[in-house]
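What the coordinates show
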Amino acid sequence: MPPLRVKGFEIHVGYLDVPAQQALVAAVRGVARAAPFFTPETRRGQKMSVRMTSAGSFGWISDRKGYRYAPRHPDGTAWPQLPAEVRAIWQDLAPGAPDPDSCLVNWYGEGARMGLHQDRDEADFRWPVVSVSLGDQALFRMGGTDRRDATESIWLSSGDVVVMGGDARLAHHGIDRIRFGSSTLLDRGGRINLTLRVSQ
Ligand code: SIN
Ligand code: MN
């Protein structure tokens with residue numbers, strides 16, 4: 001099926017079948033055993049509602065020193081390797097781009113959300129961002145490069161993959177809310193998002 005295109009965002013609906021989603025959840029569990037989920041804080045000391053960890057050479061972290069790519073988990077250990085299943089998705093949907101050096105894992109429990117933002121901490125905006133949804137449905141808001149641009153929203157389901165490249169590479173986006181318990185993929189409900197990027 002060709003991807004859905006909304007404001008330059010490429011949405012691959014149903015890209016992963018259930019066994020592929022389960023394999024990714026198992027890979028995420030492995031990542032979280034080596035690099036436990038933590039609750040990031042903003043520079044102003046506000047706790048984010050999403051819990052995070054990462055795989056790859058660089059992880060994305062946020063604390064009172066600000067947000068940035070870092071070679072180590074806040075506990076001081078190196079991030080685990082990027083799972084092979086994750087790299088395969090990138091190679092299929094971002095052909096010609098260098099391999100991602102970062103896989104951010106966002107975990108949304110009940111009530112978690114992600115405010116409208118741009119991904120712009122990376123060195124080279126030629127490379128896209130590939131974002132994988134697992135578990136509960138999420139209301140994904142898409143805007144433009146200017147924060148005040150009009151937005152459109154769609155519900156993302158488990159197995160959907162969004163590619164933000166080209167004109168949408170620096171577009172604002174966020175998760176307004178999840179439908180907690182709408183998927184049976186994760187034993188205790190919730191949603192996992194994997195964000196693959198070339199950070200350096
Ligand atoms: C993000 O942009 O950091 C996360 C998007 C998502 O959870 O789908
Ligand atoms: Mn983002």
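For the structure, check the block above.
Notes on the structure follow. (Residues numbered from 1 in each chain as written. Chains lettered and ligands numbered in written order. Predicted model: local features only at pLDDT ≥ 70, side-chain atom pairs only at ≥ 80, totals over all residues. Heavy atoms only, no water.)

1. Topic: the sheet that holds strand β13 (residues 191-197)
- Spatially, the 7 strands line up as an open sheet ordered β1-β2-β11-β8-β13-β6-β3, and their pairing is antiparallel. The open sheet has two edge strands, β1 (4-6) and β3 (51-56), and neither has a second partner. Each neighbouring strand pair of the sheet contributes to a mean axis angle of 20°, computed without reference to strand direction.
- Relative to strand β11 (residues 161-164), strand β2 (residues 9-12) runs antiparallel, the two being bridged by 4 bridges. Directly across from His-12, in β11, lies its bridge partner Val-161.
- Those strands touched by helix α1 (residues 18-34) are β3, β6 (102-108), β8 (129-135) and β13, and its axis lies near 100° from that of β8. (Pairing = 2+ DSSP bridges. Helix = DSSP H or I, 4+ residues; strand = E, 2+ residues; numbered from the N terminus. Axes fitted to C-alpha atoms, helices over the stretch in contact; angles between N-to-C directions. Contact = heavy atoms within 4.5 Å.)

2. Let's talk about the sheet that holds strand β9 (residues 138-142)
- Spatial ordering of the open sheet is given by β7-β12-β9-β10, a layout of 4 strands whose pairing is antiparallel. The open sheet terminates on both sides in strands that have one partner only, identified here as β7 (114-117) and β10 (152-156). Neighbour to neighbour, the strand axes of the sheet diverge by 25° on average, direction disregarded.

3. Some details on the site of ligand 1
- Every residue near ligand 1 is listed here: Asn-106, Tyr-108, Met-114, His-117, Ser-131, His-173, Ile-175, Arg-191 and Asn-193.
- His-173 is positioned with one of its side-chain polar atoms (N or O) 3.0 Å from an oxygen atom of ligand 1.
- Here ligand 1 loses 97% of its free accessible area of 260 Å² to cover by the protein chains.
- The site holding ligand 1 turns out to be the largest pocket.
- Mapped onto the shell around ligand 1, the elements with two or more residues apiece are β6, β7, β12 (173-178) and β13.
- Per-class residue counts for the shell around ligand 1 are 3 nonpolar, 5 polar and 1 charged. (Near = heavy atom within 4 Å. Polar contact = N/O pair within 3.5 Å; in protein donor to acceptor, adjacent residues only side chain to side chain. Areas by Shrake-Rupley, 256 points an atom, 1.4 Å probe, with all protein chains shown as cover. 1 Å grid on protein atoms, 1.4 Å probe; cavity = no way out; pocket = protein on both sides within 12 Å on 5 of 7 lines; lining within 4 Å. Sits in = over half its atoms within 2 Å of the grid points. Nonpolar A, V, L, I, M, F, W, Y, C, P; charged D, E, K, R; others polar.)

4. Brief notes about the environment of Pro-100
- Considering the arrangement of structural elements, one finds Pro-100 in the loop between α2 (84-93) and β6.
- Between the C-alpha atom of Pro-100 and that of Met-48, which follows or precedes it by 52 residues, the distance is 25 Å.
- If sequence neighbours within four positions are ignored, Pro-100 has contacts with Leu-82, Trp-90, Leu-196, Arg-197 and Val-198.

5. Thoughts on the coordination of the manganese ion (ligand 2)
- For the manganese ion (ligand 2), the full set of protein donor atoms is His-117 (NE2), Asp-119 (OD) and His-173 (NE2), at a range of 2.2 Å.
- Donor residues binding the manganese ion (ligand 2) come from one chain and are separated in sequence as H-x1-D-x53-H. Taken together, the residues span a long stretch of sequence, with His-117 in strand β7 and His-173 in strand β12 at a distance of 56 residues.
- Assessed through its relative accessible area of 6%, His-173 is described here as buried. (Donors = N, O, S within 2.8 Å, 3.2 Å for Na, K, Ca; no water. Buried < 20%, exposed > 50% of the residue type's maximum accessible area, 1.4 Å probe, protein only.)

6. Points about empty space enclosed by the protein
- Considering all chains together, one arrives at 1 cavity of 30 Å³ or more under this definition.
- The calculated volume of the largest cavity comes to roughly 30 Å³.
- Taken together, Leu-24, Ala-27, Val-28, Val-31, Pro-83, Val-86, Cys-103, Val-105 and Leu-194 make up the full set of residues lining the largest cavity.
- Elements supplying a minimum of two residues to the lining of the largest cavity: α1 and β6.
- Taken together, the residues of the lining of the largest cavity sort by class into 9 nonpolar, no polar and no charged. (Points joined across faces, edges and corners; volume = space filled by probe spheres on them.)

7. Describing the packing of aromatic side chains
- Summed over all chains, the structure comprises 2 aromatic pairs.
- Ring centres of Trp-60 and Tyr-67 lie 5.8 Å apart, and the angle between their planes is 25°; on these two criteria the pair is classed as stacked.
- Look at Trp-60 and you get buried, because its relative accessible area is 13%.
- Of the residues examined, Tyr-67 reaches a relative accessible area of 52% and is grouped as exposed.
- When the ring centre of Trp-155 is taken as origin, the NZ or CZ atom of Arg-179, which lies over that ring, is 3.8 Å away.
- The positively charged end of Arg-191 is found above the aromatic ring belonging to Tyr-108, 5.0 Å away from the centroid. (Phe/Tyr/Trp six-rings, centres within 6.5 Å; stacked < 30°, edge-to-face > 60°. Lys NZ or Arg CZ within 6 Å of the ring centre and 35° of its normal.)

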